[in-house]
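Observations on chain architecture
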Amino acid sequence: MPEKKKREGFLPKYRVLDLADEKGVYCGKLLGDLGAEVIKVEPPCGDKTRFRGPFFKNEVHSEKSLFFLYFNTSKGSITLNLENSAGQEIFKKLVKKADVVLESFPVGYLAKLGLDYPKLKKINPKLVMASITPYGQKGPLSGYKAQDINIMAMSGYMQLVGEPDQAPLVLGGEQSFYPGSQYAAVGTMAALFYRDAVSGKGQYVDVPMQEAMISYWQEQTPVTMWQKTKENNTRVGAMDAMVTPCGLYPCKDGWISLCIVTPQEWDTLSQWIHEVTGDDEVLKDEYKGGLLDRMPVRDMVNVLVINFTEKLTGREIFLEGQKRKLVVMPVNDVPALVNDSQLNSRGFWVELNHPVVGKLKYPKGALYSDAIGAPTKVAPLLGEDNERIYCKELGYSKEDLAVLRAAGVI
């Protein structure tokens, strides 16, 4: 029997019109990498993230933003001025053929343009629209703007990050943007499934970033703890609040992560520490026991561990720790990640060839199945799909496009 052609992604070729900025750009990437046809709808001058650094070889260029290159794999691009009345009419034509509109504008912005969900669903009742905003479409803060640091603060996440006697810290890499995008992607797929399997109608998906971020630190059970004990979870630095030794420890050439839970693991580690340092203190009975037994003497435990780890390299600790069946791993830097044997054995790093910047390695993502391959399409050039969509699908001529371009519509 002939071999079946491998399906490119889980999703049917749903068409997604991606209007999102950096707060929702990851949602479109997820949907695209999973098989949807995602078309980034950009202003004629280009999406603002095209001009966000860092840039390839530090050359400021609309096609060389490393941020844009990563977050827009598996997408196409058209240019369209939504603040122009002609552009709004064109967008409505695009909506007729779309399955999803993804946006992250301030609350009320699209309504002023006549492009909010109540208007668009009259054009296409099967349309699913997902909005990612700092605080959602309703409530006293709905009209407020926010960046990553604001969401981190308002979600309560920052109170967990940093040393207990110092100011709260923000996580690197705008981490508050990802939960919102992930919820929006899941919500969009669920709405499409419900539409196709049950209702036949589209839905509006409202994703508040603050609420999405709160749900990502509930393993700390902050609300439950407050209700029962009136104690507020707060910062513990690089060490675990409930287990010791557990956290980051310095070694000769960097840092290692170590977590000891069971009495057997402590016995193994204490013997190893004694072999390396010769310090009899580590063998005392007061340090033995389970994960809670060492908490009263955690400061001394950490001193004993640091005196040990500082004498060895990260690789030495990792290799010997694995032999002794201990949970210890180095803190990887970028060169270590790119050359990591585990990641490379699974094909995590994928090389894609961009027409402007050339070949670069991209992370594949963390989903593996027969239906999901690695991304094969690089981030789009600005407006690369204008002719395909405007001419072949909507019936405009090339001369029409020239006129629209001169008028600032596309």
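Calculation rules
Every chain is numbered independently, its residues counted from 1 as its sequence is written. Local features in this predicted model are restricted to residues whose pLDDT is 70 or higher, and side-chain atom pairs enter the listing and the counts only when it is 80 or higher, whereas totals over whole chains, interfaces and linings include all residues. Hydrogen atoms and water are omitted, and side-chain values are computed over all heavy atoms in the structure. What pLDDT conveys is the predictor's confidence in a given residue, as a value from 0 to 100. Note on definitions: a residue-residue contact is assigned when non-hydrogen atoms from the two residues lie within 4.5 Å. Two strands are counted as paired when DSSP detects at least two bridges linking them. Put simply, DSSP marks the helices as runs of H or I at least four residues long and the strands as runs of E at least two long, and each gets a number from the N terminus on. The angle between two axes is taken between their N-to-C directions and runs from 0 to 180 degrees, where each axis is a line fitted to C-alpha atoms and a helix contributes only its stretch in contact. Planes of paired rings set the category: under 30 degrees apart is stacked, over 60 is edge-to-face and the rest tilted, where pairs are Phe, Tyr or Trp rings (Trp by its six-membered ring) whose centres lie within 6.5 Å. Residue exposure (1.4 Å probe, protein chains only): buried if accessible area is under 20% of the type maximum, exposed if over 50%, otherwise partly exposed. Here the expected span of a helix is defined as 1.5 Å times the quantity of residues minus one. Arc, as used here, means the arc of the directions from the helix axis to the C-beta atoms. Each patch is built from residues that are more than 30% exposed by relative accessible area and take part in no salt bridge. Like charges join if they lie within 9 Å; nonpolar side chains (Val, Leu, Ile, Met, Phe, Trp, Tyr) join within 5 Å. Note that accessible areas follow from Shrake-Rupley with a 1.4 Å probe, and for residues the cover is restricted to the protein chains shown. The term salt bridge refers to a pairing of a side-chain nitrogen on Lys or Arg with a carboxyl oxygen on Asp or Glu at a separation within 4 Å. In what follows, roughly perpendicular refers to angles from 65 to 115 degrees, roughly parallel to angles under 35, roughly antiparallel to angles over 145, and oblique to any angle outside these ranges. Handedness of a crossing is defined here by the sense of rotation of the near helix relative to the far one, left-handed for an anticlockwise turn of less than a right angle and right-handed for a clockwise turn. When residue character is reported, Ala, Val, Leu, Ile, Met, Phe, Trp, Tyr, Cys and Pro are called nonpolar, Asp, Glu, Lys and Arg charged, and the others, Gly included, polar. To count as a disulfide, a pair of cysteine sulfur atoms needs to be within 2.5 Å.

1. Some remarks on the confidence of the model for the protein
Atom-level detail of predicted coordinates should not be read off regions where pLDDT is low. On average, residues of the protein score 92 in pLDDT, and 97% of them reach the 70 mark or higher. Note that pLDDT drops below 50 for residues 1–6; the model gives that stretch three contacts with residues more than four away or on any other chain.

2. Some words on the sheet that holds strand E3 (residues 75–79)
If you trace the six strands from one edge of the open sheet to the other, you get E3-E2-E1-E4-E5-E6, paired in parallel fashion. Sheet topology places E3 and strand E6 (204–208) at the edges, where each strand pairs with a single neighbour. Across the sheet, the mean angle from the axis of one strand to that of its neighbour is 20 degrees, orientation sign disregarded. The sheet contact formed by strand E1 (residues 15–18) and strand E2 (residues 37–42) spans four bridges and is parallel. Paired with arginine 15 across the two strands is glutamate 37, which belongs to E2.

3. A word on the packing of aromatic side chains
This structure, assessed with the given rule, holds eleven aromatic pairs. Pairing phenylalanine 67 with phenylalanine 71 gives two aromatic rings, centres 4.6 Å apart and planes at 45 degrees, and the pair type is tilted. Linking phenylalanine 67 with phenylalanine 71, this pair stays in helix H2 (residues 66–71), spanning four residues, or about one helical turn. Owing to a relative accessible area of 7%, phenylalanine 71 belongs among the buried residues under this scheme. Pairing tyrosine 70 with phenylalanine 71 gives two aromatic rings, centres 4.7 Å apart and planes at 75 degrees, and the pair type is edge-to-face. Of the residues examined, tyrosine 70 reaches a relative accessible area of 26% and is grouped as partly exposed. Taken together through their ring pairs, the aromatic side chains of Tyr26, Phe67, Tyr70, Phe71 and Tyr178 make up a single cluster.

4. Some points on helix H10 (residues 263–277)
End to end, H10 covers 21 Å across 15 residues, agreeing with the expected 21 Å (1.5 Å per residue, within 8%). Glu265, Trp266, Leu269, Ser270, Trp272 and Ile273 are the residues of H10 that are buried. On an axial view of H10, the arc spanned by its buried residues comes to 165 degrees, and they lie on one face. Structural note: H10 exposes Gln264 and Glu275 on the side pointing more than 90 degrees away from its buried face. As for H10, its buried residues are in contact with strand E8 (254–259), helix H11 (298–309), helix H12 (314–323) and strand E9 (327–330). Two residues or fewer past H10, glycine 278 is found with a positive phi of approximately 75 degrees.

5. Some details on a nonpolar patch on the surface
Residues Met242, Leu291 and Leu292 make up a contiguous nonpolar surface patch of roughly 290 Å² in combined accessible area. Topologically, methionine 242 is positioned in the loop between helix H9 (222–229) and strand E7 (246–251).

6. What to know about the packing of helix H1 (residues 25–33) against helix H7 (residues 177–199)
Between H1 and H7, whose axes approach to 7 Å, the crossing angle comes to 45 degrees. Judged by the angle between their axes, H1 and H7 are oblique. The two elements H1 and H7 cross, and the hand of that crossing is right-handed. Along the contact surface, H1 presents Val25, Tyr26, Cys27, Leu30 and Leu31, while H7 presents Tyr178, Ser181, Gln182, Ala184, Ala185, Thr188 and Met189. A class-by-class count of the residues in the contact of H1 with H7 yields nine nonpolar, three polar and no charged.

7. Notes on the state of the cysteines
Inspection of every chain in the model, using the stated rule, returns one disulfide. The residue that forms a disulfide with cysteine 246 is cysteine 259, at a sulfur-sulfur distance of 2.5 Å. Taking the sign of the S-S torsion, -95 degrees for the link of cysteine 246 and cysteine 259, the bridge is left-handed. Separated by 13 residues along the polypeptide, cysteine 246 in strand E7 and cysteine 259 in strand E8 bring together distant segments of the chain.

8. Quick word on unusual backbone geometry
Residue proline 54 is bonded to the preceding glycine 53 through a cis peptide linkage, with omega at 0 degrees. Considering the arrangement of structural elements, one finds proline 54 in the loop between E2 and H2. The omega angle of the peptide bond from threonine 244 to proline 245 is 0 degrees, so this bond is cis rather than trans. Within the secondary structure, proline 245 is located in the loop between H9 and E7. For lysine 57, which is not glycine, the phi torsion reads 55 degrees and is therefore positive. Within the secondary structure layout, lysine 57 lies in the loop between E2 and H2. Even without being a glycine, asparagine 58 presents a positive backbone phi close to 60 degrees. One can find asparagine 58 in the loop between E2 and H2.

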